[in-house]
Each structure stands twice: as structure tokens, then as C-alpha cells.
Amino acid sequence: MTKKILFVLVLVFSVFSIILIAVWGTLPENSNNIQVETIVINEYDETNDNGDKFINVTDIISKENNIFTINYVIGPENANADIVVSTTDKDVNLQVDQLDNKVYVIYSFNAIDQMKTITVQIKDKDTQNFDEVTLWFKTPGVIIVPEI
Amino acid sequence: MLERIRILTLLQLSNKSRLYVKGSKRIYSHIAIRFAIIVALTVVVSLLLHVLKNILYIPVNEFLMIFILILTQGLSIAVSIIGLVSDLYNSKDNQILFSLAAKNDEIFISKLLVYYVNEFIRNLFLLVPIFVGFGIISNLGILYFLSLIFILVFLPIISVGISAFISMPLTSLINYIKRHNLLSAILTFIFVITLFYLTYAIVSQIPTPIRIVQLYNRFTLALTLAIQKIAQFGTIYTIIGKMLFGFSYLLNLLILVVTVVALIVINYFVSKPVYFKLMSFSQENTINKSIVKSKPLESKNLFITFLKKEFTIARRSLNELLSNYALLLTLPFFMYILNYIYMGMNRSTFGNSVVLILNVIITLLIVTGSNTASATAITTEGYEFVLLKTAPYNTSKMAWAKIAFNLFFTAIMITFSFILFSQALPVFPKQNIWLLYILVLFVNAGHIFWSFQIDLLSPKLSDYATTGSISHNQNVSKSLSYGLWLSIFFGVIAVFAFVLIKPLGWYLMIGLALIFLVFRLYFFQSYLKAYFNDIEY
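Residues numbered from 1 in each chain as written. Chains lettered and ligands numbered in written order. Predicted model: local features only at pLDDT ≥ 70, side-chain atom pairs only at ≥ 80, totals over all residues.

## Some details on the overall build of chain A
A count of helices and strands for chain A gives two helices and ten strands. Going from N to C terminus, chain A has its helices and strands arranged as α-β-β-β-β-β-β-β-β-α-β-β. Here the C-alpha coordinates of chain A stretch approximately 70 × 40 × 20 Å along the principal axes. Looking at chain A as a whole, 21% of its 148 residues are labelled buried. Across chain A, every contact between residues at least 6 apart in sequence was considered, and the portion connecting residues at least 24 apart equals 67%. (Helix = DSSP H or I, 4+ residues; strand = E, 2+ residues; numbered from the N terminus. Buried ≥ 20, exposed ≤ 12 C-beta atoms within 10 Å, placed from the backbone. Contact = placed C-beta atoms within 7 Å.)

Written out as C-alpha cells, the structure is:
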């Protein structure tokens, strides 16, 4: 037995102690049954004729800043949401902060290099309500043409 | 000059690594085994990256790789600084190297070259598996792998260059602090308080009520975002990373080459006038002893004399004191962080009892792990113990003085921890805090007597006199083991006390601790009377 081993033992025991109290020492959670009625992304630059939302990330995303944040609003505010996010491209990674209602879109070098256009869908797992937004590197003079 | 540097480097390398006879075939098996290890590590890293990406959903992209580069090189610089301060300025081989027909700057460069080789080998086993693994799973081109070879040669120059440059002012500062013990104590105190305040500030950010799954998700999210953002601020390492992934390749390559050349030039010209001065001033025999103006007060009480001696030793060797009680310094941190999380959870009545039980175990584990000074109290007297025994006094009072010092110091630290704990976490029931404090003081005192008894019955005087080290001392190991069993024992008793017989729980715990203390005190006294005079070198 050495002091280093003892220190590691204290660390391991501390982690287990937290798990122990979380599992056996806490009261059951008061979860409500209020379902999500709407998920809305309010911040976007433009829409096309179909109502699809678009955000231009040209001046935001670069190799110096590869994270874009999408804010979403849940209605009603106290609804019990279980949010899942998905994207059309594997070169970006999505992280959800369910407490602050934010989705972080993390671009890779490849996605920035190729100026990829990606669509992010934010969906409630239980009710299947969703909203989506397309992030693109808009080049001047380009007009969004509706799908026929 | 170059030939002398080559000889000096080989001389030091032969001391620190295994060298083979020229033409020996064993070197091929050595290289083959190392190559197999690197291949195996690459496979493992590829699997780990796959787990990160597909199971933990942490983005495995170029920014993660740059972060890993920053992290590994940052650690490498930290380790190199510590090693270089010791090897460049305090190493015992300096006395031999400086007597050879070589210039100061040649010795300096040869020592850096030894570090370069070590760093290069470390990077082979650390960075090659990570970056080759990433290159394979990301299908990166031939330029990436070629650049990797190029970078492997340059990275150690940067880390050793930065470390060598920082080591110069740092050694000067360390030399100054070494000559001013009070300053060292004040700085340590300020460091601990600042660290505690930072811990307090960070832990307070955790939103309550705490839900573990949510906390884990938030932690993973914060970690992911931090990794991606830190990658932007890695200065030269961000540039290296961007070059590696083909972003502004030539420009970043030029910056890298200029940085490496600048580091070499700066180190050479700065070290030239200061290295010898710093090295010679770092040796033990260069310390200026202050002139004693007044004769110290003499005491007629033998116990007080020995106690004063303990305080004098502690004052003069603060580093040893800190290493003995370092674990105890972590007590307020553990108590605060853990209890903040416990209190943040929506606990049941049973949960409250579990909190008390866990506090008893963890606090006792840390406290009893800090009594190793008593477990080596006689051993560390070494050869001087023989001289001590020839004195025409009852020298066993030395034992009481050592115990008193250990009790005094640990009691102060424990009191300080509990005061911080009660102030920083007002939601924790005050009564429980102070009852736990009494319990810990009793058990700690009992354990100190027990630890001293271990050393009393089996002191390793000759071992210590020969090696001057207590790193593999069996008495330390025994003291720590007894502490561990004590913590488990009181933990089990706490289960009965706080779950089954709640109203009388603390009475039972403190009563048992008091019995333990009296029992250990009685045994210690008896053993001291019976065995102290029989201790032999």
C-alpha cells in the first residue's frame, strides 16, 4: 500500500459514493406528463416557397470557429421533452443541451472546406413533433429555388 | 565542438538507457518488439476513436486531434520542465560533467539532446498510434502520413526548447524560495486557498437539484465544446495541426520552421551567460547561512527541547513536511466537492444516512493516510539515533515530542478543513459536521499512536541511513493499510449507527472512537516503556 494507491482508492470510492446515493438514496423524480405540442426554431435568415428555414453560416463558420448554435423553443414551456437531433451529413456532429434548449452544430475541416449544406432536424422522441433548419454557405447572387 | 557534444550526449544516454554492443543482433529484436507495440497501440487507438465517435457521440474530427496534440505536448512540457530543472541544475552528474574538458554551453546542449531523444521516443509510443489511427479511420492521404514523420522530428525540439527556456527563470525562483522558508510556506498557503476558491467557484456552477444522468450529459457536452474551442488557442500546436490536415500547408510549415529555429537560437544565447551561474547556485553547498545574532533560548524540559527540534526540522525542510501531509491538504477539496453533490441531490431519509456513512469512510481514509510521518518517526533518525541514545537522559521523550508534533499538525489541518467545510456548505447540518470532527480527531490520534508503535517495534534505521529514502518502507505501508481497515471498520459501524439505531448513532461512533484512542494510547505507552531502550541500529 502506498499513498498513491490510497489516493486512487479515495477517488474511486468518491465516484462510487455519488452513484450509490444517486441510485439508492434519492427520492423518485416528479416527472410531469405534459406532452410537447410544438418545437420551433425562431432564428433563421430566410425561407423558400415551401417554408423551409435557411441560415447563412458563411460569416460565422470558419476554420477558426467551427461551432454553430441553433436555439429552439418548446411549447408548452414545462412540457416533458425527449429531444433527438439528426443531420443529413456525417461530417458534422450535433450536441443537444436540453436544459438551455440549444443544439450545437460542430463542423469538421472537411465540411468547412467543401462548404457543405446541411439540414438539422430537432425532434421530440415521444410526440414526433419536429422542426428543421438548413445551414448553408450562401454565395452572393444565389436565389433559393423551390423544389418542383 | 560538435564531437564533444556527441560524446557528452552518448555518455549521458548510456547512463539512462540500454545500449547494445556494435553488431549485436539483439538490437533487431528490440526494434521489432517496439514496432509491434506501436502497431498494437495503433489498433487499440483506432477502436477507441470508433467508440468515441459512435457510442459516446463525441466528434472525432481534426479539432479533436489538435486538442490531443495540445494536451500531450502541454503535459510533455510540464514533465520536461520538472525534469530539466532537476537534470540541468541539480543533477549529481554535473560535478563530473563540469570537470571534463567541455564548455558550459556544450554540456547544456548535450543535456537538451538527451531530453530530445527521450521526448522523441515518448512521442513514438503516444502520438504515432493516435495520429496514424485517426489517419486510417478518416482515410487521409499520403501527405498527412509524410507530414506526420516530419512533425515527429520537430515536436520534441519545441517542447524541450520551451521547457529549457522556462526552466531558467523557474530555477532562479526556486533557488530564491529555497533560501526563504517563510515565503515558501506563505506561497503554499496562498496556493491552497486559491485552489479551494477556484474549486468552490467551479462546483457552485453545478445546477441543483442535481440529476446524475443530466449532469453526465452536461459534462460531456461541456467537454466536447471545450475540446473544439481549445483547439483554436493552441498557438504553435494549432498551426502544426492545421498544417498536418493540409490547411495553408506552406505558410504553416514556414511558421513551424521559423519557430523551431528561433527556439534553438534563443535557448543557446540566453543559456550561455546564465547556465553555469544557475547550476552552481543550485547546489546545496552554495547556500548562504545567515549569521546567528542571538543565542537560542535553552529549555530545561527535555520534552520541550525535543518538540522545538521537531518544529525546527519542519521549518527547515518544508518540502518534506508538505509531502508527508499532502494527502491531508486534499481533505477540504474532497469534503466540499462530494458534499456539494450529495446535498444537491434530492435525497431520501435513507440517502441522508448514506451521506453520513460515506463522509465517515472518506474522511477517515484521507486522515489516516496522512500519519506516515509517525510510522517513520524513529526510522528517519537514521544513524543519529545511536548518538541520541548515548545521551544521559530519558530519550524516550523524543517519541512523545514527535507524536505531539504530528497530533498538533494534523489537528490544525483537520480543524481548518472542517471550518472551511461548515462555511462553504451551510446546508449540511452543523451538528453532524462537528460530531464528525470529534470522531475524526479521536480516530486520527489513535491511528498516530498505532503508526508510531509500528515503527517502534520495527525501525528501519540502517536502511534509512544507507538509502536516505523511505519510499519502500514497510512501516509506511502498514500504517496506510491499518488506516484503510480502520476506515472500513468505522464505515461498517456507521451503517449500524445511522441506519439501525439512529438516535444513539453518534454516541456509539464517538464512544467507539474514544475507546480505540484510549486502547492505542495504553498499548503505545506500554510498548514504549518495554522496547524503546532495546532499539538498535
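## Observations concerning the interface of chain A and chain B
Listed per partner, the contact involves 29 residues of chain A and 36 residues of chain B. Those elements giving two or more residues to the side of chain A that touches chain B turn out to be α1 (3-24), β7 (92-97) and β8 (102-107) of chain A. Ranked by the residues each element gives to the side of chain A that touches chain B, the list is headed by α1(A), at twelve residues. When the residues that make up the side of chain A that touches chain B are grouped by side-chain class, the tally is 16 nonpolar, nine polar and four charged. (Nonpolar A, V, L, I, M, F, W, Y, C, P; charged D, E, K, R; others polar.)

## Things to note about the packing of α1(A) against helix α13 (residues 331-344) of chain B
Remark: α1(A) packs on α13(B), axes separated minimally by 10 Å, with the N-to-C direction vectors making an angle of 15°. By the angle between their directions, the pair α1(A) and α13(B) is classed as roughly parallel. Relative to α13(B), α1(A) is oriented so that their crossing is right-handed. The residues of α13(B) that touch α1(A), namely those facing A:Val10, A:Ser14, A:Ser17, A:Ile18 and A:Ile21, are B:Phe334, B:Leu338, B:Ile341 and B:Tyr342. Counted by class, the contact of α1(A) with α13(B) contains seven nonpolar, two polar and no charged residues. (Axes fitted to C-alpha atoms, helices over the stretch in contact; angles between N-to-C directions. Parallel < 35°, antiparallel > 145°, perpendicular 65-115°, else oblique. Left-handed = near helix turned anticlockwise from the far one by under 90°.)

## Focus on the sheet that holds strand β4 (residues 67-71) of chain A
Strands sit in the order β4-β8-β7 (chain A) across an open sheet of three strands; the sheet is antiparallel. Pairing within the sheet leaves two strands with one partner each, and these edge strands are β4 and β7 of chain A. Each adjacent strand pair in this sheet contributes to an overall mean axis angle of 20°, direction not counted. In this sheet, β8(A) lies alongside β4(A) in antiparallel orientation, the contact comprising five bridges. Bridge pairing in β8(A) links A:Ile70 to A:Val103. Sheet contacts for helix α8 (residues 212-230) of chain B: β4, β7 and β8 of chain A; angle to β7(A), the most-contacted strand, approximately 135°. (Pairing = 2+ DSSP bridges.)

## A few points about the pairing of β7(A)
Residues and elements named next belong to chain A. Sheet topology note: the β7/β8 ladder contains six bridges and is antiparallel. Note that in β8 the partner of Leu94 across the bridge is Val105. The loop that links β7 with its antiparallel partner β8 comprises four residues; one of these, Asn101, has a positive phi angle of about 55°.

## Examining the nonpolar core
By size, the foremost hydrophobic cluster in this structure holds 67 residues, and its most contacted members are B:Leu364 and B:Val443. Among the elements that take part in this core, helix α18 (residues 430-457) of chain B stands out by supplying 13 residues, more than any other. (Core = buried A, V, L, I, M, F, W, Y, C linked by C-beta atoms within 7 Å.)

## A look at the sheet that holds strand β9 (residues 118-124) of chain A
One open sheet accounts for five strands, arranged β2-β3-β10-β9-β6 (chain A); its pairing is mixed. The open sheet terminates on both sides in strands that have one partner only, identified here as β2 (46-47) and β6 (83-87) of chain A.

## A word on the environment of B:Ile488
Looking at the secondary structure, you find B:Ile488 in helix α20 (residues 474-500). Separated by 124 residues in the primary sequence, B:Ile488 and B:Leu364 place their C-alpha atoms 8.9 Å from one another.

## Topic: the domain arrangement of chain B
Residues and elements named next belong to chain B. Examined at the domain level, chain B breaks down into domain 1 (2-15 + 26-180 + 206-286) and domain 2 (302-534). Computed over C-alpha atoms, the centres of domain 1 and domain 2 are 40 Å apart. In this assembly, four residues from domain 1 lie in contact with four residues from domain 2. (Domains from an automatic or database assignment.)

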